[in-house]
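Geometric and topological summary
Okay, here's what each chain looks like letter by letter:
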Amino acid sequence: MSTRLVDRRLAGARPHSGWMGWALILLFFQVGCATSMPMGGGLGSYGYRPLIPRGATGSPPTRGVPPTSLRASGAEEVVSAQGEPERTLGPEEGEVPREEEKRERARQVERERAAALVEAAQREGRDAEAARETEAERALARVVGQCSGVEEVGTALFFAFWVEGGALTPVGYQQEGGSGRVGRPVDAEELARVLRRVFTGYMGHRTGEVVLKLRREEARWAVDYDATRQGSRPAEARTFPVRTQGTPADTFLAFHEAASKWTSAVQVPAGGAARVELEVQLENGRLAGWRLREVQRTREGPGGGPQALSSEVASHLVQALLPFTEGLGTRTVHVVLRAEHRLGEARARGRVESVVVERAAQPPGPSWYLSMHEATLLRWREGVVEGSAWLAQRGVEELALMVVGSIIAHGLGFFATEGLEWVTRALGREPEIAARWLSTALNRLSAEERATFKQLWQKVALEGEQALSRSERKTLRGLFVRLEEAIQEPLNGTLKDTLRQEARKYYAELYPQLAKRLAQLKGELPIHRINFLWGRFRMARPNPTADEVRRAAEIIDRQFEPWYHHVDHPSGLLKTADEAREAALSELRGRFPGLE
């Protein structure tokens, strides 16, 4: 369906004949063609937001009011695909809500649509309480595992989690050194019992950041937690607990292979020490890349050849990083590792000092598009077959929501494909507008093309763009290029009818009380006066620019605006709708030579 459903200026023409209904039906006709061929010339005030990967520098997606753009009150086939609505009928007859109120209404529709899908993904065949318990057990096992290799008394470990809806998303880890004295063995079962009480009894039913502090004592771990930190919700935070245990084998192997390469590239002065910084790129639960940022010698030794790190360091590094695969989207994890070599030992030792997720500033609170992305991944994490089957049942609207959610979460690179302009700009706009535009634009593709697009995008959504083969990536890029071409082609009659029906359905979701009034008026709606003007304009300018469409719309709006948002003939108005039509026609002739 179109992104241009809520804000078109409309008009009507005779007293006591359903002015509001007339306005609504004109809106339906306009919106039904909202993805018709873009006008020639520049974009005018269209404006767009570049696609910015999460964790990259630059401004985050905003939820503000986008720039003013095309208005075409009665236009049918000449309406540009990129127009942004400016006006709408209010929640009550005759009321004209403020711009932000209208935009919020449209956002709410998309939020509700996504929320229904998210709830379906969360609840279909799932035991929510069992998922909470599994989530806690998985986090508990990882914390106990990281404590198991720590022997020095006085060592402190800090584990920071964002807790929401029973999901525990790691957001930070830090280790502070101990006294150097080795303590006695610790009872791991006793530590697990204490931690289980914290995870399930306290953390599992709150929202916010919680920091666990564990301090190594002579023969036990002292456990404390802090929930007083003030901070906004991190972009990678999950809201659904996942009922799977452990880490997928391919993920573990990928991290272990990478960690072995990292550690083999680091050498420590004999008898000296070094500070090592790593950057690890994650895409949902997958390792997307890594970079050895810096190796800084912090202490020189007495001399001799540099020493390699022991194989245990790679294992400790993997153990510290794997919890961070629990997050969502594309992000960078900054790792600091301390290494030292003791004379007489064959290899250098090392410990992970800190792990922190680096992220750009984000708006507070979850958004529907990220929730939709999380719901998609939830099915993947709880079973590939189940997840794929669930996605296969989704329609075009759901597919559009899934695509937009994935774009915002991933910042997908193939939108830089040569030949893409309108698609990139449309999908870089506000998420609600992008999803609405895409759900309409996908109707331009053939059924076979849509099926292929859906199949490939499922793989992107579930496994990330890197999971695509070279031929699959080429095919998906080709489909976006095909979409770029399709939205510039004139609509055929069948597709117009389809889009108009979808426009009516969407408008009913936005304004159910006005849709009811429209249904009551039915055949009483005179709709041809403004279409007559656009017909004349179309004949004079078969290939208009965006600016020409905008100027024509302003002329028509100026003459017919008294009738907008009224069911009956406006009181106190001296001119008739016929007179308004003639006045508009005269202005159009003066503005556009050749218009008859």
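Residues numbered from 1 in each chain as written. Predicted model: local features only at pLDDT ≥ 70, side-chain atom pairs only at ≥ 80, totals over all residues. Heavy atoms only, no water.

**Here we look at the overall build of the protein**
Within the protein one finds 18 helices and 10 strands. The 596 residues of the protein split such that 55% are buried. Restricting the contact set of the protein to residue pairs at least 6 apart, pairs at least 24 apart contribute 77%. (Helix = DSSP H or I, 4+ residues; strand = E, 2+ residues; numbered from the N terminus. Buried < 20%, exposed > 50% of the residue type's maximum accessible area, 1.4 Å probe, protein only. Contact = heavy atoms within 4.5 Å.)

**A look at the pairing of strand 2 (residues 167-176)**
Where burial is concerned, most of strand 2 is hidden: 8 out of the 10 residues are buried. The pairing of strand 1 (residues 156-164) with strand 2 spans 9 bridges and is classified as antiparallel. Residue pairing in the sheet places phenylalanine 159 in a bridge with tyrosine 173 of strand 2. Linkage of strand 1 to strand 2, two consecutive antiparallel strands, is achieved through a turn of 2 residues, within which glycine 165 is found at a positive phi near 60°. Where strand 2 lies against strand 10 (residues 349-358), 3 bridges are found, and the strand directions are antiparallel. Bridging across to strand 10, tyrosine 173 finds its partner in valine 355. (Pairing = 2+ DSSP bridges.)

**Focus on helix 17 (residues 546-560)**
For helix 17, which comprises 15 residues, the first-to-last C-alpha distance of 21 Å matches the rise-based estimate of 21 Å (1.5 Å per residue) to within 8%. Helix 17 sits mainly inside the fold: 11 of its 15 residues count as buried. Considered for burial, the residues of helix 17 that qualify are Ala546, Glu548, Val549, Arg550, Ala552, Ala553, Ile555, Ile556, Asp557, Gln559 and Phe560. (Expected span 1.5 Å × (residues − 1).)

**Re the packing of aromatic side chains**
Taken as a whole and assessed by the stated rule, the structure comprises 8 aromatic pairs. Taking 5.7 Å as the distance between ring centres and 90° as the angle between the ring planes, the aromatic pair formed by phenylalanine 161 and phenylalanine 199 counts as edge-to-face. With a gap of 38 residues between them, phenylalanine 161 in strand 1 and phenylalanine 199 in helix 4 (residues 188-201) connect regions that are remote in the sequence. Like phenylalanine 199, phenylalanine 161 is buried. Look at tryptophan 534 and phenylalanine 537: their rings are 5.3 Å apart centre to centre, the planes differ by 85°, and that puts the pair in the edge-to-face class. Highlighted residues: tryptophan 534 and phenylalanine 537, both in helix 16 (residues 528-540), separated by 3 residues, approximately one helical turn. As far as burial versus exposure is concerned, tryptophan 534 and phenylalanine 537 are alike and both buried. Within the aromatic cluster, the residues linked to one another by ring pairs are Phe453, Trp457 and Phe480. Positioned over the ring face of phenylalanine 532 is arginine 581, at 4.9 Å from the centre of the ring. (Phe/Tyr/Trp six-rings, centres within 6.5 Å; stacked < 30°, edge-to-face > 60°. Lys NZ or Arg CZ within 6 Å of the ring centre and 35° of its normal.)

**Description of the pattern of salt bridges**
Overall, the coordinates contain 32 salt bridges when judged by the stated rule. Close ionic contact of glutamate 587 with arginine 558 constitutes a salt bridge, the shortest N to O distance being 2.5 Å. You can see glutamate 587 sitting in helix 18 (residues 577-591) and its partner arginine 558 sitting in helix 17, a full 29 residues away along the chain. Among the charged side chains, a network of salt bridges with common partners joins Arg275, Glu277, Glu279, Arg291, Arg293 and Glu358. (Salt bridge = Lys/Arg side-chain N within 4 Å of Asp/Glu carboxyl O.)

**A few points about unusual backbone geometry**
Even without being a glycine, asparagine 284 presents a positive backbone phi close to 55°. Examined against the element boundaries, asparagine 284 turns out to sit in the loop between strand 6 (273-283) and strand 7 (286-299).

**What about the nonpolar core?**
Of all hydrophobic cores here, the largest spans 51 residues; its most connected members are Phe161 and Phe199. Grouped together as the second largest cluster of nonpolar side chains are 38 residues, Leu370, Met372, Ile407 and Trp422 included. (Core = buried A, V, L, I, M, F, W, Y, C linked by side-chain atoms within 4.5 Å.)

**Things to note about the environment of glutamate 257**
Mapping glutamate 257 onto the fold places it in helix 5 (residues 249-264). Given the relative accessible area of 49%, glutamate 257 is considered partly exposed. As for glutamate 257 and valine 318, which are separated by 61 residues in sequence, their C-alpha atoms are 9.5 Å apart.

**Here we look at the layout of surface pockets**
What the largest pocket holds in volume is close to 840 Å³. Surrounding the largest pocket, 29 residues form its lining, Gly149, Glu152, Gln175, Gly350 and Arg351 being those nearest its centre. Broken down by secondary-structure element, the contributors of at least two residues to the lining of the largest pocket are helix 3 (128-148), strand 2, helix 6 (311-321), strand 9 (330-340) and strand 10. When residues in the lining of the largest pocket are grouped by element, the largest group, 5 residues, is from helix 6. (1 Å grid on protein atoms, 1.4 Å probe; cavity = no way out; pocket = protein on both sides within 12 Å on 5 of 7 lines; lining within 4 Å. Points joined across faces, edges and corners; volume = space filled by probe spheres on them.)

**Quick word on the packing of helix 17 against helix 18**
Contact geometry for helix 17 and helix 18: axes closest at 9 Å, N-to-C directions at 155°. One finds that helix 17 runs roughly antiparallel with respect to helix 18. Of the two possible hands of crossing, helix 17 and helix 18 adopt the one that is right-handed. Contacts between helix 17 and helix 18 involve Arg551, Ala552, Ile555, Ile556, Arg558, Gln559 and Phe560 from the first element and Ala577, Ala580, Arg581, Ala583, Ala584, Glu587, Leu588 and Arg591 from the second. When grouped by side-chain class, the residues that make up the contact of helix 17 with helix 18 number 9 nonpolar, 1 polar and 5 charged. (Axes fitted to C-alpha atoms, helices over the stretch in contact; angles between N-to-C directions. Parallel < 35°, antiparallel > 145°, perpendicular 65-115°, else oblique. Left-handed = near helix turned anticlockwise from the far one by under 90°. Nonpolar A, V, L, I, M, F, W, Y, C, P; charged D, E, K, R; others polar.)

**Considerations on the pairing of strand 10**
Of the strand pairs in this sheet, strand 9 and strand 10 are connected by 9 bridges, and their pairing is antiparallel. Bridging from a neighbouring strand, valine 336 pairs with serine 354 of strand 10.

**Here's the deal with the sheet that holds strand 4 (residues 221-226)**
Taken in spatial order, the 8 strands line up as 4-3-1-2-10-9-6-7 in an open sheet, and their pairing is antiparallel. Pairing within the sheet leaves two strands with one partner each, and these edge strands are strand 4 and strand 7. Sheet twist, expressed as the mean angle between neighbouring strand axes with direction ignored, is 25°.

**Some remarks on helix 13 (residues 470-486)**
Along its 17 residues, helix 13 runs 24 Å from first to last C-alpha, staying within 8% of the 24 Å computed at 1.5 Å per residue. Listed as buried for helix 13 are Leu476, Leu479, Phe480, Leu483, Glu484 and Ala486. Buried residues along helix 13 sit against helix 10 (422-427), helix 11 (431-441) and helix 12 (447-463).

**Focus: the confidence of the model for the protein**
Averaged over all residues, the pLDDT of the protein is 75; the fraction at 70 or higher stands at 74%. For the stretch residues 1-97, pLDDT sits under 50, and the model shows 339 contacts to residues farther than four places along the chain or on other chains. (pLDDT = per-residue confidence, 0-100.)

**Section: the packing of helix 3 against helix 4**
When two helices pack together, their arrangement is given by the angle between their axes and by how far apart the axes lie. Between helix 3 and helix 4, the shortest axis-to-axis distance is 10 Å and the interhelical angle comes to 140°. On the basis of the axis angle, helix 3 is oblique to helix 4. Note on packing geometry: the crossing formed by helix 3 with helix 4 is right-handed. Packed against helix 3, whose contacting residues are Ala136, Glu137, Ala139, Leu140, Val143, Val144 and Cys147, the element helix 4 presents Ala188, Leu191, Ala192, Leu195, Arg196, Phe199 and Thr200 at the interface. Looking at side-chain class alone, the contact of helix 3 with helix 4 contains 11 nonpolar, 1 polar and 2 charged residues.

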